[in-house]
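Single-letter residue listing:
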Amino acid sequence: MARECIAALDLGTTKTVVLIGEMTDAGLRILGEGTCRSQGLRRGVPVNMDEAARSIAETIQVAEQAAEARISEVYVGCSGDHIESVNSRGVVAISSDGGRGVTRKDVARAFDSATALRIPMDRQVIHVLAQDYIVDDQCGIRDPCGMSGVRLEVLVHIVTGAITSLRNVRNCIMQSGIQVREIVLDSLAASQAVLTSDEKELGVVLLDLGGGTTNIALFQDGSIRHSSVIPAGGINLTNDIAIGLRTPHEDAERIKRHYASAVYVRSERDNMIEVPGVGGRESRMVTREELAFVVGPRIKELLVLARETIRNSGFEHLVRTGIVITGGGALMPGIAKLTEQVFGMSAKIGAPEEVHGLADDGNAPLYATGVGLLRHAADSSSGKKWHHDTEGGWLDRVRSRIVAML
Ligand SMILES: Nc1ncnc2c1ncn2[C@@H]1O[C@H](COP(=O)(O)OP(=O)(O)OP(=O)(O)O)[C@@H](O)[C@H]1O
Ligand SMILES: [Mg+2]
């Protein structure tokens, strides 16, 4: 019998990852992985369709060969500065017919009311995530169906993206003959891989430090309260090193990965770094301290920006557990310490755990989005839903309107 595989595509700014996996009694197992340098993409959005399609097809092929399996559809992560999120609430009177309490129809009407805000024609709804249901004055309800009352209120988190960007992503993938099963916000996917349900209950911030974007997601009481994308990441650090130390981009990237640290610790050992010159100019020797002077302020600037974004969201007081850092930036030594200093809360590195077949080489934070997409795929195929939307509800109607437009 053919194995039932699930597949995830993380279209990062710097790398494209395809993970093929399966759910076993022992949990998630990765059957095959493909990682290639992203091409034709800028911050998760195609800027050269042919190049992007080629690099996606190549990555899928590598993963398929490793898994010895063929895939027909993928769950895709999305990010970029075209993503926007907003919280909303909807209120309806509970219909009294049959005395059955709140019905699925009532919930659908409450969603209708919560999402009745004007969504511009050039934007597509990616997620509508229920945060809380309130029946009369009783709040904190997870599933209101069957409850008695006269008034139903729902609080939701709505994520939208630019139709053209999302359409281009779909088209690039479909050129490989693969269907897009679902598009999922990167930070939401990563949170599935690295946050525990206890953290999400108590209040936590996920900080995905990527190459071109910094993705933020704040959870409390088990629900997402805020999400945002800052259009800056590790590439900005590399550029600063290239300019500050006058060295080619490739060398700046290598120097960053091998020698940079978020907090400078004086060390006599290996203190000197050889920095190649640009255009055949001679190499120079610089100290780690000099490198720290270039890198440190930029990382701090990025973290301060993330902190301000969280403060402005109005939910900072809900973060009782602290910050969980993931993505490539989590590999930089000292990043958790600097994050603690900037945010004034505890911070730790988050990597996917209990995943069979994922290399245990310290690079796991790079796979947070891919693994999270697989976990979401497994949840979806077992019937668990994120959208808390009812069939034929508002989201389906918006989706069909958009599908008709594409
Ligand atoms: N050891 C390391 N030290 C510092 N930075 C690192 C290290 N390893 C990787 N990075 C940086 O992490 C970034 C890539 O992270 P990641 O793979 O999470 O991004 P991405 O998914 O490609 O991009 P995005 O999520 O922004 O679309 C690059 O800028 C890279 O330089
Ligand atoms: Mg990423």
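One structure accompanies this document, and this report is about it. (Residues numbered from 1 in each chain as written. Chains lettered and ligands numbered in written order. Predicted model: local features only at pLDDT ≥ 70, side-chain atom pairs only at ≥ 80, totals over all residues. Heavy atoms only, no water.)

### Overview of the overall build of the protein chain
Phase 1 of the analysis: A count of helical and extended segments in the protein chain gives eleven helices and 18 strands.
Phase 2 of the analysis: Here the protein chain has a C-alpha radius of gyration of 23 Å; the compact-globule value for 406 residues is 22 Å, and the two agree.
Phase 3 of the analysis: Projecting the C-alpha coordinates of the protein chain onto the three principal axes gives extents of approximately 85 × 50 × 45 Å.
Phase 4 of the analysis: By residue count, 53% of the 406 residues in the protein chain fall in the buried class.
Phase 5 of the analysis: Look at the contacts in the protein chain between residues 6 or more apart in sequence, and 67% of them connect residues 24 or more apart.
Phase 6 of the analysis: Carbon and sulfur atoms provide 48% of the accessible area of the protein chain, an area that totals close to 19,000 Å².
Phase 7 of the analysis: Charged side chains in the protein chain number 44 positive and 51 negative. The centres of these two groups are separated by 3 Å. (Helix = DSSP H or I, 4+ residues; strand = E, 2+ residues; numbered from the N terminus. Rg over C-alpha atoms; globule rule 2.2 N^0.38 Å. Buried < 20%, exposed > 50% of the residue type's maximum accessible area, 1.4 Å probe, protein only. Contact = heavy atoms within 4.5 Å. Areas by Shrake-Rupley, 256 points an atom, 1.4 Å probe, with all protein chains shown as cover. Lys, Arg positive; Asp, Glu negative; His and termini not counted. Charge placed at Lys NZ, Arg CZ, Asp CG, Glu CD.)

### Digging into helix α3 (residues 163-174)
Phase 1 of the analysis: With twelve residues, α3 should reach 16 Å at 1.5 Å per residue; the first-to-last C-alpha distance of 16 Å fits that figure.
Phase 2 of the analysis: Among all positions of α3, only I163, S165, L166, V169, C172 and I173 are buried. (Expected span 1.5 Å × (residues − 1).)

### Re the pattern of salt bridges
Phase 1 of the analysis: All told, the structure shown has 20 salt bridges when counted by the stated rule.
Phase 2 of the analysis: Residue E250 is joined to R37 by a salt bridge in which the shortest nitrogen-to-oxygen separation is 3.3 Å. On the criterion of sequence distance, the pair formed by E250 in helix α7 (residues 249-259) and R37 in strand β3 (residues 27-37) is long-range, its members being 213 residues apart.
Phase 3 of the analysis: A salt bridge links E308 to R311; the nearest nitrogen and oxygen atoms lie 3.7 Å apart. With E308 and R311 both in helix α8 (residues 288-313) and three residues apart, the pair spans about one turn of that helix.
Phase 4 of the analysis: E308 sits in the partly exposed class, given a relative accessible area of 29%. (Salt bridge = Lys/Arg side-chain N within 4 Å of Asp/Glu carboxyl O.)

### Details of the pairing of strand β15 (residues 272-275)
Phase 1 of the analysis: Going residue by residue along β15, you find I273 and V275 tucked away on one face and M272 and E274 left uncovered on the opposite face.
Phase 2 of the analysis: Pairing geometry for β15 and strand β16 (residues 284-287), over four bridges, is antiparallel. Bridged to M272 within β16 is T287. (Pairing = 2+ DSSP bridges.)

### Thoughts on the site of ligand 1
Phase 1 of the analysis: If you check the shell around ligand 1, you find 20 residues, and the closest are T13, T14, T213, E253 and K256.
Phase 2 of the analysis: Contacts to ligand 1 include G211, whose backbone N or O atom sits 2.9 Å from an oxygen atom.
Phase 3 of the analysis: K256 is positioned with one of its side-chain polar atoms (N or O) 2.6 Å from an oxygen atom of ligand 1.
Phase 4 of the analysis: Taken by itself ligand 1 offers 650 Å² of open surface, and the protein chains cover 94% of this.
Phase 5 of the analysis: Sorting the residues of the shell around ligand 1 by element identifies α6 (234-244) and α7 as the ones contributing at least two each.
Phase 6 of the analysis: For the shell around ligand 1, the residue count by class is five nonpolar, eleven polar and four charged. (Near = heavy atom within 4 Å. Polar contact = N/O pair within 3.5 Å; in protein donor to acceptor, adjacent residues only side chain to side chain. Nonpolar A, V, L, I, M, F, W, Y, C, P; charged D, E, K, R; others polar.)

Read these as spatial facts, not as claims about activity.
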